[in-house]
Amino acid sequence: MEIATYQIKKFNHYAPSPKAIHCLCYNSDLSLLALSRSNNTVEIWDVRHTPHIDRVFIGDPNNSVQSIAWLNNRLFCSGLAGSVSEIDLPTLQAKHEIPVTSGPCWCIDTNSKDSLIAAGTEEGYINIINVHDDSILHEKLLDKQQGRILCIAWEPNGEFLATGSVDAVRVWNVTTGHAIHKLFPGRSEAHKETVVWCIAVTEDFTIISGDSRGKIVFWDGQRGLQIDSHQSHKADILALCLNQEQNKLYCAGVDPLISSLEKISVKSSSLNSGNNYKWIKSIQRAIHDHDVRALAMVEEKLFSGGLDGYLAASSYPPKTLIKYSPLLQSRKICLAYKAKLVLILYEEHMELYHWTNDVLSHVAMIKSYKNAPIRCSAISSDANWIAYSTDSVVRLLRFCLVEDYSKSEIRRISGLPAAFKSASVCFSFSPDCKYLTSAGKNRIISVVELSPDESVRLLYQLNADSSVLTDITFLLRVSEDCERIVAADRSSNIAVWTKSQFHCCLPKHSSAPTALTINEANDTIVVSYADHKIVEYDMSKKMYTPFSRALDQKHPKQWLNRQFPVEGIICDPRNKDVILFYDDSTICVVDKSKNLPDSSCKIPRLDRVKSPDSSDNSESGNSQFSLNRSDNVAFQIMKTFKHLVFLSDFGDDNQLMAVVVDPDTLTSKLPTAVLKKRFGTK
């Protein structure tokens, strides 16, 4: 028997340009992976369970982040502005900054034992910076070398440094400030310089360098001798990393093939160096098609990133590969249901489209204040109000709709309450379009009243002190009756307010929430966490629902083992028992009235039937499908998209709108990769 039919219409008007990954750095204590991109943003990924973006630091557009490093759970970065900065994770601001000598700072590395940072600069200086609890100060300068320092690494005991530059690897005594060894990698052509792009130092003081010849070279740091070398690539090696046991080495670069070398034991008499081991070539994997610029080991997984913007997590054995698209920074799509308008967020502007007759037609483009990067945006259901925030200002716009959209007017509302003077991290318009709720970086949630005469009045503020929210708010929802506000922070705290009064907090989960919604039909909150656990919380009774308690013991293992975080949750207004969860490529339908399967059972697939009235050749590129649920099983899955960026709530016509970005759209914006001859090709 058919239970429900959902009509899904696919739109592909969102066409962002991928931002290359420049650096990766892992903090094992916090299980956080920091990465920087070509647009100077630094993303913090939580990798304890399903990898997902924890928070994003928007850097100076005039700077370029060239290196990042963790020190005692604090994050530091350097770049072309010629300074070393600390990123304050709770406020997403630059906390401390110190200029270096001299010029752009190409690389940094940290010594946690002595709380020191070593920074290499354009003019060949090594700056030693001392990190204190409340400041960072210059400690000393090492001798100046000729030429820029492109990579730097501490010897584990903190007594020596290894640096890479043009035609040289140097070993430095930090105490004296002098270079004790200058090592020459050689040249493949007499008149072509060899650039040492990356470097690492092992526990036994073996220095490993990767250079522009495509060679990995091993050096004895104590004696200043070359131990071994391997021609692992056909072009520049830009990144290398060691596993925790330091018996495996991974490297990649302009030739994007990721190669590995393994350390094996041999008889010491067979080696001139006297060591009892040797590095040999191991497996190679083609994970990226373009330059790989950064590698990092996270326990047994290798994370890699580069020009294509994808963050890849791979391992072998067993052979696994998951690639996270560069589309997960924040909610990029907002839908004005009543007006049938779609707001698409790009880095420095927004696009408005009108949805009619299954076609999206362009209405307007809105540029941000001073072309600053936009952190968040929202549009009211009737499309009369648009809000967005950069890291410095909040803007509220009035969109005056007329039948001819080309003549519609967009006006900025001036005289906003003082509460809106600072930047916001998320917005939520009330369903009746009369109120706007905003969450700031200071954990204060503000609610303003929006009047037809375009006046804005502050109603109240919710001061989410340390007993309620302890971190930056990133999920914000307002109930249909505008009486309940639900907010979640990055530390897994979820709080509920009723009529401006604190109501309750949900029990704290071991992993962070990735999506939540309010189910108006039964006054519950539905939450999905990074470990894919699903909970349903009754706000009136202040407790988990019977379904949630039953599900806690019977989550399907196939669901818990999914590799992509849930991006959104939708409750079906026609049936209070039906909830939809979606991620990068999958829609999961959960029907609470059905039987919970045994946790080891495979989740059945939803039938996907093309609607007879759909047209794949339409201007909008729509695809329309019917999803028929007939099995008596609570969980069912449909996997048909890649990448699914947004899935709308249900409209009056019982349709869903899916905004999809084809991977080919992203790769088409990239420069030509290094050409390789493939088997079976000419």
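Scroll up to find the structure this text is about.
Small disclaimer: the values here were computed from a predicted structure and weren't measured.

S.K.: How do you make sense of the overall build of the protein when you look at a structure like this?
M.R.: A count of helices and strands for the protein gives three helices and 57 strands. With respect to the three principal axes, the spread of C-alpha positions in the protein is 75 × 55 × 50 Å. Counting across all 682 residues of the protein, residues that qualify as buried make up 58%. Nonlocal contacts in the protein, meaning residues at least 24 apart in sequence, comprise 49% of its contacts between residues at least 6 apart.

S.K.: What am I meant to see in the side chain of S36 here?
M.R.: Turning to its location among the elements, S36 is positioned in strand 3 (residues 32-37). Residue classification places S36 among the buried positions, given a relative accessible area of 0%. When near neighbours in sequence (up to four residues on either side) are disregarded, S36 contacts A20, I21, H22, C23, T41, V42, V65 and I68.

S.K.: Help me understand the sheet that holds strand 29 (residues 320-324), please; the structure alone is not making it clear to me.
M.R.: Sheet strands associate in pairs through backbone hydrogen bonding, adopting either a parallel or an antiparallel arrangement. Strand order in the open sheet formed by four strands is 26-27-28-29, and the pairing between neighbours is antiparallel. In the strand order of this sheet, the two ends are held by strand 26 (292-298) and strand 29, each with one partner. The sheet shows a mean angle of 20° between the axes of neighbouring strands, direction not considered. Here six bridges tie strand 26 to strand 27 (residues 301-306), and the two strands are oriented antiparallel to one another. Looking across to strand 27, one finds that M297 is bridged to L302.

S.K.: What is the right way to read the sheet that holds strand 49 (residues 543-544) from this model?
M.R.: The four strands lie next to each other as 46-47-48-49, forming an open sheet whose pairing is antiparallel. Each edge of the sheet is formed by a strand with only one pairing partner; in this case those strands are strand 46 (513-519) and strand 49. Pairing geometry for strand 47 (residues 524-529) and strand 48 (residues 534-538), over five bridges, is antiparallel. By the bridge assignment for strand 48, S528 is matched with I534.

S.K.: Looking at this model, I keep getting lost on the packing of aromatic side chains. Mind explaining?
M.R.: Given two aromatic rings, one states the distance between the centres and the angle between the planes to describe the pair. Taken as a whole and judged by the stated rule, the model has 10 aromatic pairs. Between W497 and F502, the aromatic rings sit 6.3 Å apart at their centres with planes inclined by 75°, giving edge-to-face as the arrangement. On the basis of relative accessible area, W497 is assigned to the buried category, the value being 4%. What makes F502 partly exposed here is its relative accessible area of 44%. On the numbers, 6.2 Å between centres and 55° between planes, the contact of W559 with F635 is tilted. Taken together, the residues W559 in helix 2 (residues 557-560) and F635 in strand 55 (residues 635-639) connect sequence positions 76 residues apart.

S.K.: What am I meant to see in the pattern of salt bridges here?
M.R.: When their charged atoms lie close together, side chains carrying opposite charge are able to pair. Evaluated as defined, the whole model comprises 23 salt bridges. Of the charged contacts, one joins R37 and E43 as a salt bridge, the two residues approaching to 2.6 Å between their closest N and O atoms. The class of E43 is buried, set by a relative accessible area of 1%. Through salt bridges with shared partners, a single network forms among R398, E409, R411 and E454.

S.K.: When you look at the side chain of D584 in this model, what are you seeing that I'm missing?
M.R.: Structurally, D584 can be placed in the loop between strand 51 (578-582) and strand 52 (586-591). By relative accessible area, which is 6% here, D584 ends up buried. Of the polar contacts made by the side chain of D584, one reaches the side chain of H643; its length is 3.0 Å. Ignoring sequence-local partners within four residues, the contact set of D584 consists of S325, F564, F641, K642, H643 and L644.

Reading the values: rules and limits
- Residues numbered from 1 in each chain as written.
- Predicted model: local features only at pLDDT ≥ 70, side-chain atom pairs only at ≥ 80, totals over all residues.
- Heavy atoms only, no water.
- Helix = DSSP H or I, 4+ residues; strand = E, 2+ residues; numbered from the N terminus.
- Buried < 20%, exposed > 50% of the residue type's maximum accessible area, 1.4 Å probe, protein only.
- Contact = heavy atoms within 4.5 Å.
- Pairing = 2+ DSSP bridges.
- Axes fitted to C-alpha atoms, helices over the stretch in contact; angles between N-to-C directions.
- Phe/Tyr/Trp six-rings, centres within 6.5 Å; stacked < 30°, edge-to-face > 60°.
- Salt bridge = Lys/Arg side-chain N within 4 Å of Asp/Glu carboxyl O.
- Polar contact = N/O pair within 3.5 Å; in protein donor to acceptor, adjacent residues only side chain to side chain.

Note that every value here comes from positions in space, so none of it alone points to a role or purpose.
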